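# Structure assessment
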Number of protein chains: 2
Amino acid sequence: MSSVSIAAPERVGIDLGERSYSIVIGPGLIADAASYAELPAAATALVVTNTTVAPLYAQAVCGALAERFRSVRVLELPDGEAHKNWETLNLIFDALLGHGADRKTVLFALGGGVVGDMAGFAAACYMRGVPFVQVPTTLLAQVDSSVGGKTAINHPLGKNMVGAFYQPQLVLCDLDTLQTLPQREIAAGLAEIIKYGPIADMAFLDWIEANIDALVARDAPALAHAVRRSCEIKAAVVGQDEREAGLRAILNFGHTFGHAIESGLGYGEWLHGEAVGCGMVMAAHLSEKLGGVDAAFVRRLTALIERAGLPVRAPDLGAERYLSLMRVDKKSEAGEIRFVVIDRPGSAVMRPAPDALVREVLAECCA
Amino acid sequence: MSSVSIAAPERVGIDLGERSYSIVIGPGLIADAASYAELPAAATALVVTNTTVAPLYAQAVCGALAERFRSVRVLELPDGEAHKNWETLNLIFDALLGHGADRKTVLFALGGGVVGDMAGFAAACYMRGVPFVQVPTTLLAQVDSSVGGKTAINHPLGKNMVGAFYQPQLVLCDLDTLQTLPQREIAAGLAEIIKYGPIADMAFLDWIEANIDALVARDAPALAHAVRRSCEIKAAVVGQDEREAGLRAILNFGHTFGHAIESGLGYGEWLHGEAVGCGMVMAAHLSEKLGGVDAAFVRRLTALIERAGLPVRAPDLGAERYLSLMRVDKKSEAGEIRFVVIDRPGSAVMRPAPDALVREVLAECCA
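We now turn to the structure provided with this report.

Attention now moves to the sheet that holds strand E6 (residues 132–136) of chain B. Residues and elements named next belong to chain B. Spatially, E1-E2-E9-E6-E5-E3-E4 is the arrangement adopted by the 7 strands of the open sheet, whose pairing is mixed. A single partner strand is all that each edge strand has here, and the edge strands are strand E1 (10–14) and strand E4 (71–77). In this sheet, adjacent strand axes meet at a mean angle of 15 degrees when their direction is disregarded. Pairing analysis gives 5 bridges linking E1 to strand E2 (residues 21–26), with the strands arranged antiparallel. The partner of Gly13 across the bridge, within E2, is Ser22. Each of strand E3 (44–50), E4 and strand E5 (106–111) is contacted by helix H2 (residues 86–98), which is oriented at about 160 degrees to E4, the strand it contacts most. Set on the sheet, helix H3 (residues 113–125) makes contact with E3, E4, E5 and E6; between it and E5 the angle comes to about 170 degrees.

Empty pockets left among the atoms are what a rolling probe the size of a water molecule brings to light. Counted according to the given criterion, the structure contains 6 cavities of 30 Å³ or more. When its volume is computed, the largest cavity comes out at roughly 130 Å³. Lining the largest cavity are 13 residues; nearest its centre among them are A:Lys159, A:His259, A:Leu325, A:Val328 and A:Asp329. Residue assignment for the lining of the largest cavity shows that the elements contributing at least two residues are strand E8 (158–165), helix H8 (255–265) and helix H11 (319–327) of chain A. Broken down by element, the lining of the largest cavity gets its largest block of residues, 4 residues, from H8(A). The residue inventory of the lining of the largest cavity, partitioned by class, reads 6 nonpolar, 4 polar and 3 charged. There is about 100 Å³ of room inside the second largest cavity. Around the second largest cavity sit B:Gly158, B:Lys159, B:Met161, B:Thr256, B:His259, B:Ala260, B:Ser263, B:Leu325, B:Met326, B:Val328, B:Asp329 and B:Lys330, which together line it. Of all the elements in the fold, those that place two or more residues in the lining of the second largest cavity are strand E8 (158–165), helix H8 (255–265) and helix H11 (319–327) of chain B. With 4 residues, the top contributor of residues to the lining of the second largest cavity is H8(B).

The rules behind the values
- Residues numbered from 1 in each chain as written.
- Chains lettered and ligands numbered in written order.
- Predicted model: local features only at pLDDT ≥ 70, side-chain atom pairs only at ≥ 80, totals over all residues.
- Heavy atoms only, no water.
- Pairing = 2+ DSSP bridges.
- Helix = DSSP H or I, 4+ residues; strand = E, 2+ residues; numbered from the N terminus.
- Axes fitted to C-alpha atoms, helices over the stretch in contact; angles between N-to-C directions.
- Contact = heavy atoms within 4.5 Å.
- 1 Å grid on protein atoms, 1.4 Å probe; cavity = no way out; pocket = protein on both sides within 12 Å on 5 of 7 lines; lining within 4 Å.
- Points joined across faces, edges and corners; volume = space filled by probe spheres on them.
- Nonpolar A, V, L, I, M, F, W, Y, C, P; charged D, E, K, R; others polar.

In C-alpha cells, the structure reads:
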C-alpha cells in the first residue's frame, strides 16, 4: 500500500509543561523542509546516524535541513547495541567540538533506538544541554524509545545504566522508513506495540490480534494506527510521570527479564525487541503465579508474540545468572528485584517477587 | 581563632521549586551525624573523594554516615583538574555498579571543585539520576562550584564541555576544612569571592578590601562572613536563572579569559581560581575599553586580586591562540566570543567584543 493512502501527518502531543513537544506521524516527513519549521533558529545542525541508515536517508534529511541551517554535518556511528557505550558517545562530542557547535546547535538522531539513546544523551550533556530532534527510522524507536526523553548508554555491568531524562524538541515518525527495515526489526517493534495492550489497553490488544498479519506484512494504514495508538499511550503515561517516580515503570513490562537476556547473551545478540518479546512471556508467567492473570491470558499473549515473529523461549543462562543480572536492574532496591506484572488484564503494577517464584518462571520458560 | 567562636551553623536557602535545598555553613559539620539528618532514607552511600582529601576527612564523614546508611563506601579519585575526564568519571560508575548501588543510593562529593563536578555529574547520570550531597572542602568550592548545580567534565577541546545542571540535596560547608588548605588554594577561593563584588555588590567589595589580610590569614569569622555572603549572592542569581538562560552568565566574570589560560597551559598548571583571578583583571580591562568602568576601577580590582595572592599577569600564549581557545567557550554563538563585562560597578552584562579590542587587552595583560 503506497504512502499516498494516508493524507496529512497526525500529531500526538506530549504534555510536560515547558518541556512539551509533538510527535508527528506520517509518510514523507523527513525530506520535507516543512517538517522542521517549528524548530528553534540555530546556525548549525549535526545529524547523528549510523552506517546502515546513512546511505538510505542522510541525504534527504540534510537536503531539507539545508534550508534552515547554515551548516549541516553528518556523523555516522557504528551500528548496533554493542556500540552503545562511552567510546561511541565520545565520537559525538568530538564531532560537536570539532565543528564548533554552540549551545544552540540542534542534534538530530536519525536511526533506531541506539542512535536515539546516544544522540539524546549527548544532547543532554553537551554544554549541559542543547536542543535535539528524534527522527526514528525503526518501528521500535517510533513506538517507544524516541518518545519520552529516556536516553542512556550501557555499562559492562548493566544496560542503560548511565543516562539522562532529556526531552527532544520534536519527534518525526516517518512511516515510509518502515518499508526498508529488515523483517527482524519489524518483529522487534511489534514487541513494544503488543506491550501497550496488557499494561494499558485491552481493546488495543484485541485490535493488534485482529491485525497482526497486516502488521507483519507492513500494511501502511495498520502500521500508522499502531504507531499512533502506541505513542498516545506512551505520551499519556510519561505526561503523568516524566522521571519514573512510579507509574512510568509499567512501560518496562517484560524488560527486567529482557534486559537480563540481552546482557547475559552480550548486547546485540538478540535485538532489544526480541528480548522484550520473550521477557513479556516470562513476566506473564510471573503475573499468573501472583494471581493477576489466568493461564489462558498467558497462552493468548504468548501466541500473539509468536505470531509477530518473536522468540517465546528464553535462552538457558542458568537461574543464578538470571537472578544476578536482574539484581542490577534500575528498578531494584537494596538488592531486591522488582518486576512489572499484570495485576489484571489492561493494568500493570511494579512489585518484588520471591526468588523461588522467579526460579519457577525460569524453569518453565527457558529453552 | 578556634571554631568555637562561631555558634550555630548558618543556612542559606536556594529556591528552585521542587529542587530547592540548603547550604549549611559552620564549623564541625562533617563529623556530626545531625548534619545529614534531613537526607532521604537509603540503604547505601558512596563517598567520592580524592587521594589528598581522603586521609584528612573520609573517616570522619563515614563515621557520621554509618548511623544512617547500612553500607558506606569510599572511592578515592586521583587529585587535580587534569583528571576531570571520562576515564575518572567511569571509576565512579564502576564503583556504583560494583557495589550494587540503586536509584536511592546517595553520592557524597567530599573535596574541591573537581570532585564536586565529577561526583555531581555521575549522580546526574547514574540510573538517570540519584541523590547527591556536596561536602566542599576548599574555599573555592564552598563559595562557588558546590552551589547551583553545575556539574561537568572537561573535553580535550574545552573545559566543562560535557555535563549537566543537576542540583544537590544539600551543601555542607564545614569551615574547619579551610584550615588545612594550602595557601595557594585559599588564594584561588578568594578569586571567586572577590568576583561577587564587581558583578553584584560593591559594598561586599569594600568589605573584602577592608578584610583581605584577615581572609588571607584564614581568620575564621572573616571566612565565615565571606562564605555566607558569597553563597547568598550566588543563590539569588541561580534562583532567578537555574539553567543560565541569561542572568546566571554574570557569575562567569573573568572565566572566558580564565578558561583560555587553563586550557592553553594544560589543565592543572594554574588552579582554576588563579586563572579566574587573572581573567578578572583582563575582563576589567575589556570593561574599561567598552566604557563600563574607569581606569581607577581596574587598578583597584587588580590591586585587590594581587593582595589575595593571585597572578595578575597572563601567560603569553599568543593572541591567536587565546582567540581560538575562547571561541569554543560555551557562551560563544556562531563563532562570536561573548564576554561578561562590568557595565557599571556592581553590575555585569554579557556581550560580544570585537577581536581588535580583545587583542588590545591581551597586549596589555600578557606577561
